[in-house]
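# Overview (structure and organization)
Listed below, chain by chain, are the residues.
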Amino acid sequence: MEKVGWLTGSLLALLILLPMALFGGKHELALPVTSVLIVLLVILRNKTTLDEHRLKTSGWWLVAFLGWIIINTWLFSTSSYVSFIASLPIFSGAIIFLIIQIFEPQIETMDTFRRACLLGAGTIILIGLYIYLSPRFPSMRMGGLLRQHNAYAGFLIALLPLSLFATVFEKRWKWVWTVTAILIVTALVLTFSRGGFIAAALALIIFWVLAHQRRVLAVSLLIIILGGSLAYGLYQIKTINFNAVTIIPLSSPYAGEVPEQGETGVNSRLRYWRDALKIVATRPIVGTGLNTFEQEYRRVQTDSRFFTIDPHNLTLKIWVELGLVGVIIFVGFLISLVAWLWRYGPARQFNPAMPAALIGLLAHYSLDLDLTFPAHYLLFFTLAALTQTKT
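Structural notes, computed from the coordinates.

Conventions adopted
- Residues numbered from 1 in each chain as written.
- Predicted model: local features only at pLDDT ≥ 70, side-chain atom pairs only at ≥ 80, totals over all residues.
- Heavy atoms only, no water.
- Salt bridge = Lys/Arg side-chain N within 4 Å of Asp/Glu carboxyl O.
- Buried < 20%, exposed > 50% of the residue type's maximum accessible area, 1.4 Å probe, protein only.
- Phe/Tyr/Trp six-rings, centres within 6.5 Å; stacked < 30°, edge-to-face > 60°.
- Helix = DSSP H or I, 4+ residues; strand = E, 2+ residues; numbered from the N terminus.
- Expected span 1.5 Å × (residues − 1).
- Axes fitted to C-alpha atoms, helices over the stretch in contact; angles between N-to-C directions.
- Parallel < 35°, antiparallel > 145°, perpendicular 65-115°, else oblique.
- Left-handed = near helix turned anticlockwise from the far one by under 90°.
- Contact = heavy atoms within 4.5 Å.
- Nonpolar A, V, L, I, M, F, W, Y, C, P; charged D, E, K, R; others polar.
- Core = buried A, V, L, I, M, F, W, Y, C linked by side-chain atoms within 4.5 Å.

## With respect to the pattern of salt bridges
- In total, this model carries eleven salt bridges according to the counting rule given.
- Two residues, R274 and D275, come together in a salt bridge whose shortest N-O distance is 3.6 Å.
- The exposure class of D275 is buried, given its relative accessible area of 2%.
- The salt bridge partner of K317 is D310, with a shortest N-O separation of 3.4 Å. The same class applies to K317 as to D310, namely buried.
- Via salt bridges that share partners, D111, R114, R115 and E170 belong to a single interconnected network.

## Side note on the packing of aromatic side chains
- Enumeration according to the criterion identifies 16 aromatic pairs in this entry.
- The interplanar angle of 65° and the centroid separation of 5.4 Å between the aromatic rings of F97 and F333 together place this pair among those described as edge-to-face. With F97 in helix α4 (residues 80-102) and F333 in helix α12 (residues 314-344), this residue pair connects regions lying 236 residues apart in the sequence.
- Accessibility expressed as a relative area gives 1% for F333, which makes it buried.
- Taken together, a centroid distance of 5.5 Å and an interplanar angle of 65° make the contact between F192 and Y235 edge-to-face. Taken together, the residues F192 in the loop between α7 (174-191) and α8 (194-211) and Y235 in helix α9 (residues 214-244) connect sequence positions 43 residues apart.

## Here's the deal with helix α14 (residues 375-386)
- Over its twelve residues, α14 runs 17 Å from end to end, which matches the ideal 16 Å to within 8%, given 1.5 Å per residue.
- Burial analysis of α14 places twelve of its twelve residues in the buried class, the great majority of the element.
- Listed as buried for α14 are A375, H376, Y377, L378, L379, F380, F381, T382, L383, A384, A385 and L386.

## Notes on the packing of helix α5 (residues 107-133) against α7
- Running from amino to carboxyl end, α5 crosses α7 at an angle of 45°, the nearest separation of the two axes being 9 Å. When the interaxial angle is binned, α5 and α7 end up oblique. You can see that α5 and α7 cross each other, and the crossing is left-handed. Packed against α5, whose contacting residues are R115, L118, L119, G122, I125, L126, L129 and Y132, the element α7 presents V176, W177, T180, L183, I184, A187 and L190 at the interface.
- Broken down by class, the residue content of the contact of α5 with α7 amounts to twelve nonpolar, two polar and one charged.

## So, the packing of helix α6 (residues 149-169) against α8
- Two numbers describe how α6 lies on α8: the axes approach to 10 Å, and their chain directions differ by 25°. With respect to α8, the element α6 is oriented roughly parallel. In terms of crossing hand, the pair formed by α6 and α8 is right-handed. Where α6 approaches α8, its residues A153, I157, L160, P161, L164 and F165 are matched on the opposing element by G196, A199, A200, A203, L204 and F207.
- Residue composition of the contact of α6 with α8, by class: eleven nonpolar, one polar and no charged.

## Brief notes about helix α13 (residues 353-365)
- Its 13 residues place the ends of α13 18 Å apart at the C-alpha level, agreeing with the 18 Å of an ideal helix rising 1.5 Å per residue.
- The buried fraction of α13 amounts to twelve of the 13 residues, a majority that puts the element mostly inside the structure.
- Of all the residues in α13, the buried ones are A353, M354, P355, A356, A357, L358, G360, L361, L362, A363, H364 and Y365.
- In this fold, the buried residues of α13 make contact with α5, α6, α8, α12 and α14.

## Quick word on the nonpolar core
- Of all hydrophobic cores here, the largest spans 107 residues; its most connected members are F97, F155, L190 and F333.
- Top element by residues in this core is α6. It accounts for 14 residues.
- Y272, A276, V280 and Y297 belong to the second-largest nonpolar core, a separate cluster that totals ten residues.

## Overview of unusual backbone geometry
- In this structure, W173 takes a positive phi of about 60° despite not being glycine.
- Tracing the backbone shows W173 in the loop between α6 and α7.
- Residue class for W173 comes out partly exposed when judged on its relative accessible area of 46%.
- Positive phi, normally seen in glycine, also occurs at N291, with a value near 65°.
- For N291, the location among the structural elements is in the loop between α10 (265-282) and α11 (293-300).

See the structure below:
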């Protein structure tokens, strides 16, 4: 049984890490690799003697959400093929969620998942830092293997509470988890994602409140200071590397913004949200279909400087693409998760890092374009399912 728990936890970690390493799930190998891992997970769980559990309310809400995606793609999408392709990572993530809920992981599975995730994440971050420090990488903002700083920040936000939990509560390899936590903070700072900083702060506050221990706060603050200091040092090294190859470094990571002309991250998002509401007005109930925001946005865009493929807001994305029906079902799914935690969480000794990571992700999804990367669906649904498991 211990071996099964170890294998299951490792597979769950791989289902998050491998797609993230494959350009956030955009590489052509990402879908077949994910499919193989999901099949292996199903086979492994079917061979165990663990009792099956009934779907919780959140599981039924998710099934309803998947059903609406099928109906919407078939009957209402303005581009059915585009919507079908976009639905594949959502269905993959949902299958993982349902597997976890039916075959509820044991404590050894959760421990293996957390450790494997952090070890894999540490490796991915080190590779990302190597790329970042290379003079061939022109951006002053770290994007890791995703090559996009904001989506990369979302990945790191989810891992931050898990790394702090391991640093404080793991009895073995404390130095490994401490170094990993420092690396996560370092990489997050180097993304210079303002939405990421806001979401990470919220995740940390939730984690501190739920953990309810002064030691957690003290260790967290120390790691943040160390990670921030390391990020500052690496940023300075990057500017030196640029000067060494006669590349003039930018004066600021945000130097591309032109505030006097309204070209800022905040103003851009306000424009995206305003134009998204224009699209919503055309089909408010059923939406235009998954992943059709880009083509619909071109029809309402009035300023060529502010082009985007995503509204940078989860609620607006669902409303534009799946309509009010999709919003209601997805909100029902989220409410069912919160209701379960409120009712059963304390009695089941849940890991405070899981809901903190999930809330941090949702906050970031409300400000950035993470969900243009398929790997984020796997990350979100896996964490959502694990918030309802005993740890």
